[in-house]
There are 2 protein chains.
Amino acid sequence: MRKDGYVVAVAGATGAVGEVMLQVLEERKFPVRRIKLLASERSVGKTLSFRGETVKVELLTAEAFAGVDVALFSAGASRSKEFAPAAWKSGAVVVDNSSAFRMDPEVPLVVPEINPHAIAQYAKKGIIANPNCTTIVTLMALAPLYRYSRIRRVVASSYQAVSGAGAKALEEFKQQVRAWVKGEPIPVEVLAYQIAFNVIPHIDVFQENGYTKEEMKLVYETRKILEDDRILISPTTVRVPVFTAHSVSVHVETEAKITPAKARELCAAFPGLQVQDDPANKQYPMPLFAAGKDDCYVGRIREDLAVENGLNLWVCGDQLRKGAALNAVQIAERLIEKYL
Amino acid sequence: MRKDGYVVAVAGATGAVGEVMLQVLEERKFPVRRIKLLASERSVGKTLSFRGETVKVELLTAEAFAGVDVALFSAGASRSKEFAPAAWKSGAVVVDNSSAFRMDPEVPLVVPEINPHAIAQYAKKGIIANPNCTTIVTLMALAPLYRYSRIRRVVASSYQAVSGAGAKALEEFKQQVRAWVKGEPIPVEVLAYQIAFNVIPHIDVFQENGYTKEEMKLVYETRKILEDDRILISPTTVRVPVFTAHSVSVHVETEAKITPAKARELCAAFPGLQVQDDPANKQYPMPLFAAGKDDCYVGRIREDLAVENGLNLWVCGDQLRKGAALNAVQIAERLIEKYL
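In this report, we go over the structure that sits alongside the text. (Residues numbered from 1 in each chain as written. Chains lettered and ligands numbered in written order. Predicted model: local features only at pLDDT ≥ 70, side-chain atom pairs only at ≥ 80, totals over all residues. Heavy atoms only, no water.)

Residue and element names in this part refer to chain B. Volume-wise, the second largest pocket comes out at about 1400 Å³. Lining the second largest pocket are 48 residues; nearest its centre among them are Gly76, Gly164, Ala165, Gly166 and Ala167. Counting residues per element, the ones that place at least two in the lining of the second largest pocket are helix H1 (16-27), helix H2 (77-89), helix H4 (167-182), helix H5 (213-226) and helix H8 (321-338). Here the residues of the lining of the second largest pocket sort into 17 nonpolar, 21 polar and 10 charged. (1 Å grid on protein atoms, 1.4 Å probe; cavity = no way out; pocket = protein on both sides within 12 Å on 5 of 7 lines; lining within 4 Å. Points joined across faces, edges and corners; volume = space filled by probe spheres on them. Helix = DSSP H or I, 4+ residues; strand = E, 2+ residues; numbered from the N terminus. Nonpolar A, V, L, I, M, F, W, Y, C, P; charged D, E, K, R; others polar.)

Structure follows, in structure tokens:
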């Protein structure tokens, strides 16, 4: 780690995740010597605040990475594909929040609490990928169980917040709510359907097999992060009218028996995860309270009624923080600590 | 069936389900000779409209059932326990929407499309029970599959509308939304937590085993309706900020292989169920569009990625209609057609 700090670029700085990246860098006192805010043309000239100073947004180009040490990308998969290799060439290590490189065998896919050792592979392409938000939130609860006993099978149904679809989708959702209160026609342009007072079982594009890309991310990314290609996953991902924080209903089948008490013990000992599981006192995770928090929350841990080594549980986590910005910054922290 | 019609009592007429019962009786031209609207003290004297006429709400007492042929109960389990036997004694057959008698071995539990033969047992106690709303919606999609091949196992996660918690909860939800728009404090009195912009993994009371009553209803009622005590069910029931119509993410494992194409064919042929399953054209069930409809909707039918004879699917249905009032009136229709 350098004593004089690092030049950090945030690509996609004006997006929902980009803004939280700035907050998280500030909160965690990441050793930033200089910050560069990069975005596409229509955001150039906007200003954002970082550590009390006003910073201008610059155009995202290959040249913009000259002198940059760490580049945090959250500008969409196509921009990552276009600019991440250039950033690496000009000397920056890239932590990429998009799906562009996640399944590239030469790019590590990292949740620092789960597979920090994978960071060591960063130099193959100069990129470390940040997993999908729902994958991170789900795995934060599954990883402590997996360490105790291999997981055979997972059935997961998600309840994903609207800000996961981006800042524009969130703004439209709020406009829909306001329109409903005023009795006005409800605008629908960003998402496929009205999300206010609705639930949409469709996130990202549909694949040949009838699953969405979002669902298949949960399958493939889980296998890569846990380094277990045999783990079986049945995913259903669903958008719900919540501002921030994803929730996931998870059924899990393990090789060895894990009692609910043992599961609570394992989860409580896991960094970044809090057990919130006292039904008698109405304590269970909810997105309204997980939003804005760094930790993920697990609760409703109960023995499965159907299979012997089964558990059902309920996880919530702020998908902009642990599901995106925070996880990326945590990767960058380990990266500079050990390698830069 | 009598040519001069029937005297019909609606107990709990002013509740969320009671009002829909009146609508459904009207829409379906149920042969009502006279309607009696019954409710607890605080609703007495209110008036409701039935077939264009204004009807006064009377006090729900044992004596109120004199001369009544069919009594539709939706006034909560304790009132059903108190008054349903009296209604039967004074000559009325009771269709009860509460949970009071559902698991009573002498009371049939009926979804007319699935187990109409059970209605014949009505005279044992004079009561036919209407299943839980989430159970009905889920089983409308599972029943056609079950007829083709026995179902071994189900993992279900629900997305339940606020009106399922009653008219007061729905009103509070709307007030919460209005308060948010005005920037005012959000009122929370009826439900355990704020439901606007939140998701609550808690419906009905918690049991010793960590499951809620709502979840256990799905287990026990499914077994009773399908007449199969071996069927394994892992339930998670969750309240979402939707006005009306429940959604359920269902993973199902069958004894014989059912391809998605076959499942669509079986579901399309089932009365009261519509297949809405064309992802390429963004066609899948959603609560916003299932609300107010009599049919249930199934879509996102896809081969499971984890087990050989597995399917994942997504069901929506108006829980006040098919999940409650409509199903009760359908039971009453079969009852008068064959037995009264």
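Next, the rest of the story.
What follows covers H5 of chain B. For H5 of chain B, which comprises 14 residues, the first-to-last C-alpha distance of 19 Å matches the rise-based estimate of 20 Å (1.5 Å per residue) to within 8%. Of all the 14 residues making up H5 of chain B, 11 are buried; the element is thus mostly covered by neighbouring parts of the structure. The elements touched by buried residues of H5 of chain B are strand E12 (296-303) of chain A together with helix H3 (133-148), strand E8 (151-159) and strand E9 (232-236) of chain B. Of the residues one or two after H5 of chain B, glutamate 227 of chain B is the one with positive phi, at around 55°. (Expected span 1.5 Å × (residues − 1). Buried < 20%, exposed > 50% of the residue type's maximum accessible area, 1.4 Å probe, protein only. Contact = heavy atoms within 4.5 Å.)

Side chains of Arg42, Lys46, Arg79 and Lys168 of chain A sit close together on the surface and give a patch of like positive charge. Mapped onto the elements of the fold, lysine 46 of chain A is located in the loop between strand E2 (32-39) and strand E3 (47-50). (Patch = residues over 30% accessible without salt bridge, like charges linked within 9 Å, V, L, I, M, F, W, Y side chains within 5 Å. Areas by Shrake-Rupley, 256 points an atom, 1.4 Å probe, with all protein chains shown as cover. Salt bridge = Lys/Arg side-chain N within 4 Å of Asp/Glu carboxyl O. Lys, Arg positive; Asp, Glu negative; His and termini not counted. Charge placed at Lys NZ, Arg CZ, Asp CG, Glu CD.)

This part takes up the interface of chain B and chain A. Between chain B and chain A, the contact holds 62 residues from the first and 62 residues from the second. Between chain B and chain A the total buried area reaches about 5200 Å² when both faces are included, carbon and sulfur atoms providing 65% of it. It is Phe197, Arg300 and Leu305 of chain B in chain B that bury the most area against chain A; as a group they hold 13% of the surface buried on that side. Between the two partners, chain B and chain A, sit 6 salt bridges. For the salt bridge of glutamate 253 of chain B with arginine 153 of chain A, the shortest nitrogen-to-oxygen distance reads 3.5 Å. Across the chain B-chain A interface, the total number found is 30 residue pairs in polar contact (both at pLDDT 80 or more). At the level of elements, E8, H4, H5, E9, strand E10 (246-254), helix H7 (287-290), strand E12 (296-303) and strand E13 (310-317) of chain B are the ones that each hand at least two residues to the side of chain B that touches chain A. (Buried area = accessible area lost by both parts, 1.4 Å probe. Polar contact = N/O pair within 3.5 Å; in protein donor to acceptor, adjacent residues only side chain to side chain.)

With that settled, consider empty space enclosed by the protein. Taken as a whole and assessed by the stated rule, the structure comprises 3 cavities of 30 Å³ or more. Val155, Ser157, Ser234 and Thr236 of chain A together with Val155, Ala156, Ser157, Ser249, Val250, His251, Asn312 and Leu313 of chain B are the residues that line the largest cavity. Elements with a minimum of two residues in the lining of the largest cavity: strand E8 (151-159) and strand E9 (232-236) of chain A together with E8, E10 and E13 of chain B. Considered class by class, the residues forming the lining of the largest cavity number 5 nonpolar, 7 polar and no charged. Looking at the second largest cavity, its volume works out to about 40 Å³. Every residue lining the second largest cavity is listed: Phe173, Ala196, Phe197 and Pro241 of chain A together with Phe173, Val177, Ala196, Phe197 and Pro241 of chain B. Counted by class, the lining of the second largest cavity contains 9 nonpolar, no polar and no charged residues.

Overlaying chain B on chain A yields an RMSD of 0.0 Å, the required transformation being a rotation through 180° with an accompanying axial translation of 0.0 Å. With respect to symmetry, the two chain copies, as superposed, fit the operation of a two-fold axis. The residues that chain B uses at the interface reappear at the interface of chain A in 100% of cases, marking a shared surface. (Least-squares fit on C-alpha atoms with pLDDT ≥ 70 in both.)

All names here are of chain B. The 6 strands lie next to each other as E9-E8-E10-E13-E12-E11, forming an open sheet whose pairing is mixed. With partners counted over all chains shown, the strands left at the sheet margins are E9 and strand E11 (273-275), one partner each. The sheet shows a mean angle of 25° between the axes of neighbouring strands, taken without regard to direction. Here 5 bridges tie E8 to E9, and the two strands are oriented parallel to one another. In the sheet register, valine 155 faces E9, and the bridge partner there is serine 234. (Pairing = 2+ DSSP bridges. Axes fitted to C-alpha atoms, helices over the stretch in contact; angles between N-to-C directions.)

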